[in-house]
Amino acid sequence: MKTYFILRGDNEHLARGELKALLEIYDPNSSIKCYPMICISNTDINTASRVISRAGFIKEAGEILGVYNLREYNEIIEKLRSAFNSEIVHASILKSSTSYHLVEKLLEDAGFKRGYRKRDENRLIFSNGIVVAGLKRYLQDSKSLIARSRTRPFKRSIALKPDITRTLINLSRAREGELLLDPFAGTGSVLIESWFMGIRSIGVDIDWSLVKGMAMNISYFNSNSIVIHGDSLELSYSKVDHIATDLPYGRGASLHGIEIKDLYRKFLGKLNEYLSWKGYAVFMAPLWLEDFLDEILYDHGFKLRERYYDYVHGSLVRVVNVVSWW
C-alpha cells in the first residue's frame, strides 16, 4: 500500500463511498482497505492529490511508510524508529479505537516527541489495532469551501453545504471537462462547486426567484455554467452521463403544488428517458421515502448502486441514492 486517506468521522460511510468513486475516476485498477476513519490504498500520491482537491468528506492524504499491527508491539518499535528521519511526529488516535496509554507508551519507547505542522510532517495514525506510519502530503482546503458558502451573494436555508455538494458530484463519477446536470438546481450549489472542480454544468429550476439568485451566484464566481428557468418534470434532455441533484422536500422548499411522492415518481420517469446507458444519477430524498423509492426504481429498471445516509437534524435524515442502468 502506498497512500493513506483520513476520512471525516461524522459520516464515514459516505466518505468511503466518495473515496471509492474518486479512485474509480482516477485509478480504476487501485484497491483500498479501510479501518475506522482511515483507508489505505495502492494508488500513487499524485492520484491522492487529485482526490483531495475534489473531496468533500476526505480530510487528509499522505504517503505510507509502513502499516504495523500493534499486537507485535516489541517488533514495531525499531521499525517505527527507522521509518522516520526525525523524532518529531504528529500522532492521531482515530475514533478512540486504540488505548491512549498504549500510544503514549509507544511514543516514549520509540523516542518520539509530539509535533505538528501543516504539511510534510511525520504521521503516526492509530486505528483499530494498527498504526500507519506516513508522511502527510495533502489536506482538504475546508476554509475555501466555507468561504465560498458564506460569500455568495444569494443565500437560502435550502442551499446545500459545499462538502455534501462535492460528494454528490463525485458520486456521479464526473470527470474534469465533462458535463453535469442539476435538474433541481435551487441556489446553484452544485454548479458553483462543479466550476471549482473543473466540471461543466447546467442548472435548471422552476422557481424564477431561485433562478435569478442562482444566476447572481454563478456570475459572482465567474463560472461558465448554464442556468435555465424551466420545469425538469416537463423538459426533455438527451443522453446525460452525470446527474447530481437535491429535490425539494424540506420545510423551506416549495413543491409548487405537487405531492412529494408524485414529484419523485415523475422525476424518475423522466430520468428513465435521459440518463445514458453508462451514466450515473445521484439524488437525495428524505428517509421516510426509502421504501417508496425502491419500488419506483425497480419499476423503471434502475439499479441502485449505492445508498448513504446523512443525518441533518432530529426530524430529517437524507438518503443519498446513486443509480444507473448497469
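Please read all numbers here as calculations on a predicted model, not as lab measurements. (Residues numbered from 1 in each chain as written. Predicted model: local features only at pLDDT ≥ 70, side-chain atom pairs only at ≥ 80, totals over all residues. Heavy atoms only, no water.)

A. Region of interest: the side chain of Glu 193. In this structure, Glu 193 sits in helix 7 (residues 189-196). Since its relative accessible area comes to 1%, Glu 193 is described here as buried. With residues near it in sequence (within four places) discarded, Glu 193 still touches Leu 145, Arg 148, Pro 162, Thr 165, Arg 166 and Ile 169. (Helix = DSSP H or I, 4+ residues; strand = E, 2+ residues; numbered from the N terminus. Buried < 20%, exposed > 50% of the residue type's maximum accessible area, 1.4 Å probe, protein only. Contact = heavy atoms within 4.5 Å.)

B. The state of the cysteines, seen in detail. Here the structure, examined in full by the defined rule, presents 1 disulfide. Across a sulfur-sulfur distance of 2.0 Å, Cys 34 and Cys 39 are joined as a disulfide pair. Measuring the twist about the S-S bond at about 100°, one finds the Cys 34-Cys 39 disulfide to be right-handed. Residue Cys 34 is classed as partly exposed on the basis of its relative accessible area of 24%. Judged by its relative accessible area of 0%, Cys 39 falls in the buried class. (Disulfide = S-S within 2.5 Å.)

C. Structural detail: the pairing of strand 10 (residues 200-205). Counted residue by residue, strand 10 has 5 buried out of 6 residues, so it is predominantly covered. Relative to strand 10, strand 9 (residues 179-182) runs parallel, the two sharing 4 bridges. Residue pairing in the sheet places Leu 180 in a bridge with Ser 201 of strand 10. Viewed along the sheet, the connection from strand 9 through helix 7 into strand 10 turns out right-handed. Bridge analysis of strand 10 against strand 11 (residues 226-229) gives 4 bridges, and the strand direction is parallel. Residue Gly 203 lies in a different strand from strand 11, and its bridge partner there is Val 227. (Pairing = 2+ DSSP bridges. Right-handed = clockwise from strand over helix to strand, strands pointing away.)

D. Looking closely at a nonpolar patch on the surface. There is a patch of nonpolar side chains on the surface, built from Ile 226, Ile 228 and Leu 235 and spanning about 210 Å² of accessible area. Secondary-structure assignment places Leu 235 in the loop between strand 11 and strand 12 (240-246). (Patch = residues over 30% accessible without salt bridge, like charges linked within 9 Å, V, L, I, M, F, W, Y side chains within 5 Å. Areas by Shrake-Rupley, 256 points an atom, 1.4 Å probe, with all protein chains shown as cover. Salt bridge = Lys/Arg side-chain N within 4 Å of Asp/Glu carboxyl O.)

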